[in-house]
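Listed below, chain by chain, are the residues.
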Amino acid sequence: MTEENFIPKPYTNLIDSGSFTWASPSNIALVKYWGKKEHQIPENPSISFTLNNCKTTTTVSFSKKEINTGFSFEVFLDGEQKEDFKPKIEIFFKRVEVYLPFLNAYHFKIETSNTFPHSSGIASSASGMSALALCLMSIEKELSTDVSEQDFIKKASFLSRLGSGSACRSLEGDLVVWGTHDEIKGSSDLFGVKYPYDVHQNFKNYQDTILLVDKGEKQVSSTVGHNLMHGHPFAQKRFKQANSNLSQMVSILKNGDLDQFIALVESEALTLHAMMMTSMPYFILMKPNTLEIINKIWNYRKQKGSKVCFTLDAGANVHVLYPQNERASVLEFIKNELVAYCQNGQYICDVIGLGANKL
Ligand code: PMV
C-alpha cells in the first residue's frame, strides 16, 4: 500500500452541513518510536497499549462555505476558543488536504475536551489528533458511497499519523503496532494495525497508573526530540534494537512471561531517555522524583515478588504498569509510597482499552 491509495475518488454525495463526535484514547508505547523520516515515517516499528480513561472527545461541525479561500475553522477547548491550537491544526490540514479534498469546501467548528487535565503533562496529541482524524473520516464517509469499515480505520490511522506520529496507534485496542516489521503481518509505516496474534491472559486488563511528577510544559517538543536522532551517534544501533525488541515482545505476549516483559519495557523506557541524554544538544527529562519512584518500584518488586514495572514518555511522568491481579496491592503501594513524589499528589488510574468510539 502507498500514500496514493489514500487519495479518495471524486465524492458522490452533496452535503451542506453536519456534525460528528468521536472519543479517542491516549496510548503508551512498550517498544518506543523515537526518530522519524520525512512525512512522519517512523525510523523503527513500535507497539503500544491503548489506554481507556485518558481520552479526548471531539465534535466537528461543518457547513458549506460560499467561497473557496483557504481553510476556515475555529477551535474550542472545554467551550473556550483556543487561538493557540490553530497553527497545529492548520499544519495538519495542509498535510492531509490531498487525502481529504473536502477540507477547503467547508467551515469547521472543532470542539474538544480531555478527560485528563490539559496541563497535566500528559500529551493530548495522540488522543486529540486521532479524535479529529476520525471526525474528518466520518465526514468523508458521508460524501462517498464506498468506504468499508476496514478502509475507514486504516485511513483514519493514516491521517492521525500525519497529525502526530503516535496518534496512529490510538484508534483500536488493546495492542497496536505501527511501523513495518518482518514478523508482524500487515504492519506498515503508514498506519497502525491491531496486534494480529494471540496475547496471553496475563496481559488482559493490564493496569497503567500515571504518576504526574511534572505537569509543566514539555521541555523538548516531539518534533525537536525526533530530530535529535538525525546524526545521533547511536541512532542506527537503536533502530536495530527496537526491531529486535519487537520480535522479542511477540514471544513475550504469547508466552506471558512477565519477568521478560518487565525487563524489556523498562529497558525501552531508559533507552528512550538515554537517546536524549546522548544527543546534541542533550536533555535530561527525568526529574529527581522520577528516579525516586523508579527506585521505590524496584525495591517493592524485590521485596514482594511483584510484577509491577514502569515506563516513561518523553517527560518526567511515570507510567506504572501491573497485571490486573495485583490491582489492590499495587494501588495501596502507590498511595502509601509514590503519591508523595507526584505534583500536588496527582495520579490517574487507567487500564488498557479497546480504542476509539463514535458518539
Ligand atoms: O507521536 P509523537 O511525535 O509525539 O512521539 C511520541 C514518542 C514517544 O511517546 C516518546 C514514544 C512513543 O512511541 O509513543
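One numbering rule holds for all chains: residues counted from 1, following each sequence as written. Predicted model: local features are reported for residues with pLDDT of at least 70 only, side-chain atom pairs are reported and counted for 80 or more only, and whole-chain, interface and lining totals are derived from all residues. To get the side-chain values, all heavy atoms of the structure are used, and hydrogens and water are removed first.

### Here we look at the overall build of the protein
Numbering of helices and strands starts at the N terminus; helices are DSSP runs of H or I of at least 4 residues and strands are runs of E of at least 2. Along its length, the protein carries eight helices and 14 strands. Radius of gyration here is computed from C-alpha atoms only, and the compact-globule reference equals 2.2 Å multiplied by the residue count raised to the power 0.38. At 20 Å, the protein has a C-alpha radius of gyration in line with the 21 Å of a compact globule built from 359 residues. Overall, the protein is about 70 × 45 × 40 Å in size when its C-alpha atoms are taken along their principal axes. Every residue pair with non-hydrogen atoms within 4.5 Å of one another is taken to be in contact. Counting only contacts in the protein whose residues sit at least 6 apart along the sequence, the fraction spanning at least 24 positions is 76%. Working definition of accessibility: Shrake-Rupley area with a 1.4 Å probe, residue cover restricted to the visible protein chains. Carbon together with sulfur atoms contributes 49% to the accessible area of the protein, which is approximately 16000 Å² in total. Here the protein contributes 36 positively and 38 negatively charged side chains, and the mean placements of these two sets differ by 3 Å. A positive count includes Lys and Arg, and a negative count includes Asp and Glu. His and the chain ends are not counted in either. Where a charge sits is defined by one atom per residue type, namely NZ (Lys), CZ (Arg), CG (Asp) or CD (Glu).

### Section: the domain arrangement of the protein
According to the domain assignment, the protein contains domain 1 (3–197) and domain 2 (202–351). Averaged C-alpha coordinates put domain 1 and domain 2 at centres separated by 25 Å. Domain 1 puts 36 residues into the contact, and the matching count from domain 2 is 44 residues. Together, the buried faces of domain 1 and domain 2 total about 3200 Å²; carbon and sulfur atoms form 67% of this surface. Taken as a group, L30, K32 and W34 account for 25% of the area that domain 1 buries against domain 2, more than any other trio of residues on that side. By salt bridge we mean one thing: a side-chain nitrogen of Lys or Arg within 4 Å of a carboxyl oxygen of Asp or Glu. Viewed at the interface, domain 2 and domain 1 are joined by zero salt bridges. Any pair of N or O atoms that falls within 3.5 Å is considered a polar contact. Within protein, one atom must be able to donate a hydrogen and the other to accept it, and sequence-neighbouring residues count only if both atoms are side-chain atoms. Taken together, the links from domain 1 to domain 2 amount to 14 residue pairs in polar contact (both at pLDDT 80 or more). Elements supplying a minimum of two residues to the side of domain 1 that touches domain 2: β1 (17–31), β4 (46–64) and β8 (175–178). Of the residues forming the side of domain 1 that touches domain 2, the biggest block, eight residues, is contributed by β4. Considering only residue class, the side of domain 1 that touches domain 2 consists of 20 nonpolar, 11 polar and five charged. For each domain, the first and last residues come from an automatic or database assignment. Buried surface area refers to the total accessible area, computed with a probe of radius 1.4 Å, that the two partners give up upon joining, counted for both partners together. Classes in brief: Ala, Val, Leu, Ile, Met, Phe, Trp, Tyr, Cys and Pro nonpolar; Asp, Glu, Lys and Arg charged; the others, Gly included, polar.

### Quick word on the packing of aromatic side chains
Aromatic rings from Phe, Tyr and Trp, taking only the six-membered ring of Trp, are treated as a pair when their centres fall within 6.5 Å; an angle between ring planes under 30 degrees marks them as stacked, one over 60 as edge-to-face, and anything in between as tilted. Applying the stated criterion across every chain, the model contains 23 aromatic pairs. Relative to F93, the ring of F71 has its centre 5.4 Å away and its plane inclined at 80 degrees; by these criteria the two rings are edge-to-face. Placement of F71 in the loop between β4 and β5 (72–77) and of F93 in helix α1 (residues 86–96) is noted, with a sequence separation of 22 residues between them. The class of F71 is buried, set by a relative accessible area of 16%. An angle of 15 degrees between the planes, with centres 4.0 Å apart, marks the rings of Y300 and F333 as stacked. Residue Y300 is found in helix α7 (residues 288–304), and its partner F333 is found in helix α8 (residues 327–338); the two are separated by 33 residues along the sequence. Both residues of the pair, Y300 and F333, belong to the buried class. Feature note: the residues Y11, F20, F62, F71, F73, F92, F93, F102, Y106 and F108 constitute an aromatic cluster, connected by ring pairs. Geometrically, a charge over a ring is one whose NZ (Lys) or CZ (Arg) sits within 6 Å of the ring centre while staying within 35 degrees of the ring normal. Over the face of the ring belonging to Y106 we find K64, whose NZ or CZ atom lies 4.9 Å from the ring centre. Burial classes: relative accessible area under 20% of the type maximum marks a residue as buried, over 50% as exposed, and values in between as partly exposed (1.4 Å probe, protein chains only).

### Brief notes about the pattern of salt bridges
All chains considered together, the criterion is met by seven salt bridges. Put simply, E111 and K109 hold a salt bridge, and the shortest N to O gap is 3.9 Å. Residue E111 is classed as partly exposed on the basis of its relative accessible area, which comes to 32%. K155 is the salt-bridge partner of E140, the closest N and O atoms lying 2.6 Å from each other. Of this pair, E140 sits in helix α2 (residues 125–143) while K155 sits in helix α3 (residues 149–163), placing them 15 residues apart in sequence. The class of K155 is buried, set by a relative accessible area of 6%.

### A look at unusual backbone geometry
With omega at -5 degrees, the peptide bond leading from G173 into D174 counts as cis. Relative to the elements of secondary structure, D174 occurs in the loop between α3 and β8. Cis rather than trans, the peptide bond between M280 and P281 has omega equal to 0 degrees. Of note in this structure, H39 is not a glycine but carries a positive phi near 60 degrees. Summarising the element assignment, H39 is placed in the loop between β2 (36–37) and β3 (41–42).

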